[in-house]
Amino acid sequence: MRKAVIIGAGMTPVGEHWKLGLRDLAVEALFNAMEDAGVDKVDSLYVGNMLSGSFVEQENLGALIADWAGLGNIPAVKVEAACASGGAAVQEGVKAVLSGLEDVVAVVGVEKMTDGWPSDATRYLAYAADAEWELFHGASFVALNALVMRYYMKTYGYTEEDLALFSVNAHANGAKNPYAMFKRPIKVDTVLNSPYVADPIKLFDASPVCDGAASVIITTPEKARELGVPKERWVEIAGMGRAIDTINLANREDLLTLRAARIAAEKAYKMAGVGPEDIDFFEIHDAFTIMAALSLEAIGVAKKGEGAKLAKEGQIAIDAGYPIQTMGGLKARGHPVGATGLYQTVEAVLQLRGEAPSQVPDAEVGLTQNIGGTGSNITVNIFRRV
Amino acid sequence: MARPMQVARYWRHFSEKYRLIGGKCENGHVHFPKRPVCPVCGSKNIEEVQLSGKGKVISWTIVRNPPSGFEYYKPYPLALVELEEGPIVLAQLTDVEPDEIDFGMEVEVVTRKLREFEEDGIILYGYKFRPPVE
Ligand SMILES: [Zn+2]
């Protein structure tokens, strides 16, 4: 079977880009990745994006971005899987390379969220839930996660303070990332004193509405050699998995198990031939602190009910046993929804090349996990230094 | 945003949203809303079932930053209610103060206005849950 390696990675800072539109952000990230790889053309483009139609009235992003970037008459499409659109787009790019149909593939994730009203953003994000049975009743996305968080705290006896530790860790790491939206460390009290958005989720339990784009170039080892990209700059996509769960949270068999994440992780571990104990760093989907806890459990790092315990025991810091969110996570780096999976991928590449601003020493294998919906559509990717 | 032309979109769910009709497969698995395939056993032999509308709160939140269209009602409580027949339903709670809500609180279904659209728009009704009234 063919192998797929990332030979170029690029991104824009995450933030409120009032002067840049969706296409500007996407093209900037794409050009950064192409320059990093040393390529000036690609065989195809996959665009990870969730809500361009709602936020900026623009669909057909394949044509828009390939056209604007001057990539010629290549095949180009948008990949949508809610907030997991980026992780899914990377997988579609990898599949194209592994199938042998395409040799050099560009993947870009982009989201432009700050051109509209905040309450509209809240509405659009809820489109990832079940429109007829969740949004119909006024459920915001934060509210759905809040229902899970309260139930988790009650079931396992955690406090709001315990879950705040995930935010504190994310901000500590994000402070060193020049591309992060928030570059200041915070304390537990910062989280606890922030206003409730949907109790018990507070402002600092949640990731921000923001803009950003990130991109990678994927090819085969043979082609990478032909292109003259030095081997130490290759990062192998060693494993990937993807699964869905009920879109409606109320229909979940167990509210506290991210079953889609568990299945996706099992597939990815099997394909890569590794287990959770072999992973040097984890970029998980901490759109809300509760999702960080449940994700650690689903990907096999913590036992059920003990995800938040890892944070309490100080095991999630850069220099601890299970470093997570090494560049700030969704919480501090920012969560431009459809772009997040690409930011996670670019960060994994930087860690494995030894170029991360807060480097995990001798990182060889890293895992990214990207959640769409309230756990309804999840991708897990495993990356390895070549 | 929904326009009056979308009346059919809401009308087609009247039986579920006004009467709490769910689905029951040949093996007795009850779900809400009714689905084409039973999520437990995979059966496609599913009939309609009238749910009692009695249940218990298993988790809740107070929505303070609602999606557009619901601003007028904020803050409002939203809960997961486990019905006595088994299925869990997401709905707003009504006729209750936020600090009265608790795990296991008994509730019953009522029909209430969910929201209305601008001037000549339609008004959406549906189920909410409240503490039982004798
Ligand atoms: Zn059944």
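What counts as what
Each chain has its residues counted from 1, running along the sequence as written. Labels follow written order: the first chain is A, the first ligand is 1, and so on. In view of the model being predicted, local features appear only for residues whose pLDDT reaches at least 70, and side-chain atom pairs are presented and counted only at 80 or more, with totals across whole chains, interfaces and linings using the full set of residues. In computing side-chain properties, one takes all heavy atoms of the structure into account and sets aside hydrogens as well as water. Helix numbers and strand numbers start at the N terminus; a helix is a DSSP run of H or I with at least 4 residues, a strand a run of E with at least 2. With the radius of gyration taken over C-alpha atoms, the globule rule is written as 2.2 Å times the number of residues to the power 0.38. Per-residue accessibility, obtained with a 1.4 Å probe over protein chains only, is compared with the maximum for each type, and a residue is labelled buried under 20%, exposed over 50%, and partly exposed between these values. In this description, contact between two residues means that some pair of their heavy atoms is separated by no more than 4.5 Å. Every accessible area reported is derived by Shrake-Rupley at a probe size of 1.4 Å, with residue values counting cover from the shown protein chains alone. For this count, His and the chain ends are skipped, Lys and Arg are scored as positive, and Asp and Glu as negative. Note on charges: their place is set at NZ of Lys, CZ of Arg, CG of Asp or CD of Glu. Note on definitions: angles span 0 to 180 degrees between N-to-C directions of axes, and those axes are lines fitted to C-alpha atoms, for helices only across the stretch in contact. Amino acids outside the nonpolar list (Ala, Val, Leu, Ile, Met, Phe, Trp, Tyr, Cys, Pro) and the charged list (Asp, Glu, Lys, Arg) are all regarded as polar, and Gly is one of them. Throughout, the edges of the domains are those of an automatic or database domain assignment. Buried area is understood as the total, over both parts, of accessible area removed when two parts are fitted together, assessed with a 1.4 Å probe. By salt bridge we mean one thing: a side-chain nitrogen of Lys or Arg within 4 Å of a carboxyl oxygen of Asp or Glu. The definition of a polar contact used here is a pair of N or O atoms within 3.5 Å, where within protein one atom must be able to donate a hydrogen and the other to accept one, and adjacent residues in sequence count solely through side-chain atom pairs.

What follows covers the overall build of chain A. Counting its secondary structure elements, chain A contains 14 helices and eleven strands. Computed over C-alpha atoms, the radius of gyration of chain A comes to 19 Å, within 12% of the 21 Å expected from 2.2 N^0.38 for 386 residues, which places it in the range of a compact globule. Based on the C-alpha atoms only, the size of chain A along its principal axes is roughly 55 × 45 × 40 Å. Looking at chain A as a whole, 66% of its 386 residues qualify as buried. Of all intrachain contacts in chain A linking residues separated by at least 6 positions in sequence, the fraction that spans at least 24 positions is 77%. Total accessible area computed for chain A in this model is approximately 13300 Å², and 50% of it derives from carbon and sulfur atoms.

Now for the overall build of chain B. Along its length, chain B carries two helices and eight strands. Going from the N terminus to the C terminus, chain B shows its helices and strands as α-α-β-β-β-β-β-β-β-β. With the principal axes as the frame, chain B shows a C-alpha extent of 45 × 40 × 30 Å. Expressed as a percentage of the 134 residues in chain B, the buried residues total 47%. Taking all contacts inside chain B whose residues are at least 6 apart in sequence as the whole, residues at least 24 apart take part in 47%. A total accessible area of about 7100 Å² is found for chain B, and carbon and sulfur atoms account for 48% of it. Where the 18 positive side-chain charges of chain B centre and where its 20 negative ones centre are 7 Å apart.

With that settled, consider the packing of helix α4 (residues 85–99) of chain A against helix α14 (residues 340–353) of chain A. Residue and element names in this part refer to chain A. At a minimum axis separation of 5 Å, α4 and α14 run at an interaxial angle of 65°. Packed against α4, whose contacting residues are Gly-86, Gly-87 and Val-90, the element α14 presents Gly-341, Leu-342 and Thr-345 at the interface. Looking at the contact of α4 with α14 residue by residue, the classes come out as two nonpolar, four polar and no charged.

All names here are of chain A. Here chain A is partitioned into domain 1 (5–115 + 209–235) and domain 2 (118–208 + 238–385). With both sides pooled, the region where domain 1 packs onto domain 2 buries about 3500 Å², and carbon together with sulfur makes up 71% of that total. For the domain 1 face of the interface with domain 2, the top three residues by lost area are Met-11, Cys-83 and Gln-91, together amounting to 20%. Linking domain 1 to domain 2 there are three salt bridges. Measuring nitrogen to oxygen at the nearest pair gives 2.8 Å for the salt bridge that ties Arg-353 to Asp-36. On inspection of domain 1 and its partner domain 2, the count reaches 13 residue pairs in polar contact (both at pLDDT 80 or more). No other element matches α4, which puts ten residues into the side of domain 1 that touches domain 2.

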